[in-house]
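Geometric and topological summary
Take a look at the letters that make up each chain.
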Amino acid sequence: DAKTTQPTSMDCAEGRAANLPCNHSTISGNEYVYWYRQIHSQGPQYIIHGLKNNETNEMASLIITEDRKSSTLILPHATLRDTAVYYCIVRVGSGGSNYKLTFGKGTLLTVNP
Amino acid sequence: SAVISQKPSRDICQRGTSLTIQCQVDSQVTMMFWYRQQPGQSLTLIATANQGSEATYESGFVIDKFPISRPNLTFSTLTVSNMSPEDSSIYLCSVDGTSGTEQYFGPGTRLTVT
């Protein structure tokens, strides 16, 4: 699986948009970009994933650059409960046997009042 | 999404003993995964468990130390054997979603070895 690079930490004001970047310059054509987050003392939570088109769900938006070498996770209106470590992971999508997730160190997002 | 429970939620164990962690899912799933998260670290995959077959272990993890059972499509156990303080970690199980794209994680078992 391709390696990802994320900032170690970020701060965001409550109510503002949080934009979390991720670099994945060695991503392969069949690899998806996944985002998970881990709130302190809990198991990781799936947020969103995409291949090359921008994606949006009830939690967040995912913007993937045209060359797919980087992406940004956007939390449109961050709340204190969004304080967590956010992991950007690339892996082959559904099908086949490549289900495992390789977690990096992630970005600690702190939402401040 | 899948609802996953783990037992115990936490335990304190003596070195040299073994602990079996249970993972229960509210729906049938093909693949289950076991991860370890050492203090202050990210998650590391221990093994992948398919029902009816031997678990597949990642580099650095062996069956003698982390035996896994997968008796049916909703349940799995991970045993941490002959524990040492270095085994103090959070152990998490996860399953693939029905679409096969996302994974869902249990709440974890916090293990402290003294």
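Residues numbered from 1 in each chain as written. Chains lettered and ligands numbered in written order. Predicted model: local features only at pLDDT ≥ 70, side-chain atom pairs only at ≥ 80, totals over all residues. Heavy atoms only, no water.

1. A short note on the packing of aromatic side chains
Note the threshold: Centres within 6.5 Å are what make two rings of Phe, Tyr or Trp a pair, Trp counting through its six-membered ring; a difference in plane orientation under 30 degrees is then read as stacked, over 60 as edge-to-face, and the rest as tilted. Helix and strand definitions here come from DSSP, where helices need a minimum of 4 consecutive H or I residues and strands a minimum of 2 consecutive E residues; each element is numbered from the N-terminal end. Per-residue accessibility, obtained with a 1.4 Å probe over protein chains only, is compared with the maximum for each type, and a residue is labelled buried under 20%, exposed over 50%, and partly exposed between these values.
Under the definition given, this model contains 10 aromatic pairs over all chains. Their ring planes at 50° and their centres at 5.3 Å tell us that Tyr35(B) and Phe105(B) sit as a pair that is tilted. Taken together, the residues Tyr35(B) in strand E4 (residues 31–37) and Phe105(B) in strand E10 (residues 103–105) connect sequence positions 70 residues apart. In terms of burial, Tyr35(B) and Phe105(B) fall into one category: buried. A centroid spacing of 5.6 Å and a plane angle of 65° characterise the contact between Phe61(B) and Phe66(B), whose relative ring orientation is edge-to-face. For the pair Phe61(B) and Phe66(B), one class covers both residues: buried. Each member of the aromatic cluster is reached from another via a ring pair, and the members are Tyr36(A), Tyr46(A), Tyr87(A), Phe103(A), Tyr35(B) and Phe105(B).

2. Digging into the interface of chain B and chain A
Note the following rule: Any pair of residues with heavy atoms lying within 4.5 Å of one another is described as a contacting pair. By definition, the buried area sums, over both parts, the 1.4 Å-probe accessible area that each loses when the two are put together. As used in this structure description, the phrase polar contact means that two N or O atoms lie within 3.5 Å; if the pair is within protein, one of them must be able to donate a hydrogen and the other to accept it, and residues adjacent in sequence are counted only when both atoms belong to side chains. All residues other than Ala, Val, Leu, Ile, Met, Phe, Trp, Tyr, Cys, Pro, Asp, Glu, Lys and Arg, Gly among them, are scored as polar; the first ten of these are nonpolar and the last four charged.
In this assembly, 20 residues from chain B lie in contact with 18 residues from chain A. A combined buried area of about 1,500 Å² lies between chain B and chain A, and 54% of that area is made up of carbon and sulfur atoms. Where chain B meets chain A, there are five residue pairs in polar contact (both at pLDDT 80 or more). Going through the elements one at a time, E4, strand E5 (43–50), strand E9 (89–96) and E10 of chain B are the ones with two or more residues in the side of chain B that touches chain A. The element that contributes the greatest number of residues to the side of chain B that touches chain A is E4(B), accounting for four residues. Taken together, the residues of the side of chain B that touches chain A break down into eight nonpolar, eight polar and four charged.

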